[in-house]
Amino acid sequence: LQAFPGGSIDLVKQESGIAVLTVNNPARMNAFSGSMMVELEERVSQLEEWTEGKGLIIQGAAGTFCSGSDLNAVRAISNPQDGMKMCTFMQNALTRLLRLPLLSVALVEGNALGGGAELTTACDFRLMAPGSVIQFVHKHMGLVPGWGGAARLVRIVGGQNALKMLGGALKIDPEMGLQIGLADGVLEGSLAGSGANALLEAEQWLGCYTTGPAPVIRAIKSVVVSGRELPLEVALRTERDVFGTVWGGPANLQALATKAKHK
Ligand SMILES: CCCC(=O)SCCNC(=O)CCNC(=O)[C@H](O)C(C)(C)COP(=O)(O)OP(=O)(O)OC[C@H]1O[C@@H](n2cnc3c(N)ncnc32)[C@H](O)[C@@H]1OP(=O)(O)O
């Protein structure tokens, strides 16, 4: 993958506990070069070690999300063996990304195409800016998703919607995204339009879910990942173990001491 350089994956970990990951290759509409795939995996490793983290926003540079694989690299490795190696690498990186103990949101401005659409499904939530599009264009490229995007899409929107989206290479706009459950929110028009404002709005949106002590937010994500991925009996055991990490913990004791009311 390192033989196909260009662009970068930038990570900023903020004091607020929300990190921002930027897919940065604007000359190619933030397409993933080989070196960016390697960098993505490195950034995921850094986030796995970030014990203070609560949230993650994934965005593209310069007002558009990501146009998938860099087609120059795709052409150079257009044989099944190399394609499967690349897919294995990206499936692993994106599976680890989705399993991070952080609540993650894909901030979709402009286009999320091909592998870019797949990347949005490796986040817990998708926020779409007005005018943005998520499109699995794979059929038009004579392909199917290979970065795990089909498997995750079925779990997000159901098999029927996934079949329509992949079979028709449908352009999903924010309205349709909300309707089928692909989008979890749409940015306000007033704030959208500038990358900085869109990011601010995404931070505010995510803040509704990440407010609170990091151990509790991370535990919430862990029990949901277990419920999402494991057979019920195993998920229940995991839930009990995670419960043990917060029961009697500082946040729990403080809530008991203040006799919190939930009106
Ligand atoms: C398992 C993974 C499967 C995959 O991801 S396969 C790749 C799927 N993605 C695509 O096919 C995207 C192809 N690109 C497009 O449709 C359009 O470029 C796009 C994103 C709608 C933007 O259109 P426009 O706004 O008209 O801009 P444009 O076409 O002039 O693009 C600007 C420059 O970006 C380049 N670019 C866009 N997408 C790229 C890509 N995926 N790989 C490599 N280069 C890409 C494009 O060639 C152009 O470069 P240049 O200015 O001509 O040098």
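Refer to the structure printed above.
None of these values were measured; they are calculated from a predicted model.

Cut-offs used in this document
Residues numbered from 1 in each chain as written. Predicted model: local features only at pLDDT ≥ 70, side-chain atom pairs only at ≥ 80, totals over all residues. Heavy atoms only, no water. Helix = DSSP H or I, 4+ residues; strand = E, 2+ residues; numbered from the N terminus. Rg over C-alpha atoms; globule rule 2.2 N^0.38 Å. Contact = heavy atoms within 4.5 Å. Areas by Shrake-Rupley, 256 points an atom, 1.4 Å probe, with all protein chains shown as cover. Lys, Arg positive; Asp, Glu negative; His and termini not counted. Charge placed at Lys NZ, Arg CZ, Asp CG, Glu CD. Pairing = 2+ DSSP bridges. Phe/Tyr/Trp six-rings, centres within 6.5 Å; stacked < 30°, edge-to-face > 60°. Buried < 20%, exposed > 50% of the residue type's maximum accessible area, 1.4 Å probe, protein only. Near = heavy atom within 4 Å. Polar contact = N/O pair within 3.5 Å; in protein donor to acceptor, adjacent residues only side chain to side chain. Nonpolar A, V, L, I, M, F, W, Y, C, P; charged D, E, K, R; others polar. Core = buried A, V, L, I, M, F, W, Y, C linked by side-chain atoms within 4.5 Å.

Some details on the overall build of the protein chain
From N to C terminus, the protein chain includes 10 helices and 9 strands. A compact globule built from 263 residues should have a C-alpha radius of gyration of about 18 Å, and the protein chain, at 19 Å, falls within 12% of that. Seen through its principal axes, the protein chain has C-alpha atoms that stretch 60 × 45 × 35 Å. Taking contacts inside the protein chain between residues at least 6 apart in sequence as the whole, the part at least 24 apart equals 70%. Working note: accessible area of the protein chain is about 13100 Å², and carbon and sulfur atoms make up 58% of it. Computed over 22 positive and 23 negative side-chain charges, the inter-centroid distance for the protein chain is 5 Å.

A closer look at the sheet that holds strand 2 (residues 18-24)
The strand order 1-2-3-4-6-9 describes an open sheet built from 6 strands, whose pairing is mixed. The open sheet has two edge strands with one neighbour each: strand 1 (8-13) and strand 9 (185-186). Two strands pair when backbone bridges link them, and strand 1 and strand 2 are joined in this way by 6 bridges, in the antiparallel orientation. Across the sheet, residue V12 finds its bridge partner in strand 2, namely V20.

Looking at the packing of aromatic side chains
A complete count under the given rule lists 5 aromatic pairs for this structure. Both rings, one in F32 and one in W147, keep their centres 5.6 Å apart while their planes meet at 80°; by these two values the pair is edge-to-face. One end of the pair, F32, is in the loop between strand 2 and helix 1 (34-48); the other, W147, is in the loop between strand 7 (133-135) and helix 5 (149-167), with 115 residues separating them in the sequence. In terms of burial, F32 and W147 fall into one category: buried. With a centroid separation of 5.2 Å and an interplanar angle of 80°, the aromatic rings of F125 and W205 are classed as edge-to-face. In this pair, F125 sits in strand 6 (residues 125-128) while W205 sits in helix 7 (residues 195-210), placing the two residues 80 residues apart along the sequence. Relative accessible area serves as the criterion here: at 19%, F125 is assigned to the buried category. Connected via pairs of aromatic rings, a cluster forms that spans F125, W205 and Y209.

Here's the deal with the site of the ligand
Near the ligand, the surroundings consist of 18 residues, among which A27, S67, S69, L71 and G115 are the closest. The separation between an oxygen atom of the ligand and a polar main-chain atom of A27 is 3.2 Å. Residue S67 places a main-chain N or O atom 2.8 Å away from a nitrogen atom belonging to the ligand. Sorting the residues of the shell around the ligand by element identifies strand 5 (111-113) and helix 4 (115-120) as the ones contributing at least two each. Within the shell around the ligand, the residues separate by chemical class into 8 nonpolar, 7 polar and 3 charged.

Considering the nonpolar core
Within the largest apolar cluster, 44 residues are counted, with the highest numbers of intra-cluster contacts made by F32, L56, I58, L97 and I134. Those elements that provide at least two residues to this core are strand 1, strand 2, helix 1, strand 3 (55-60), helix 3 (80-99), strand 4 (103-108), helix 4 and helix 5. Among the elements that line this core, the one with the most residues is helix 3, at 6 residues. One finds F125, A129, L199 and W205 within the second-largest nonpolar core, a separate group that totals 16 residues.

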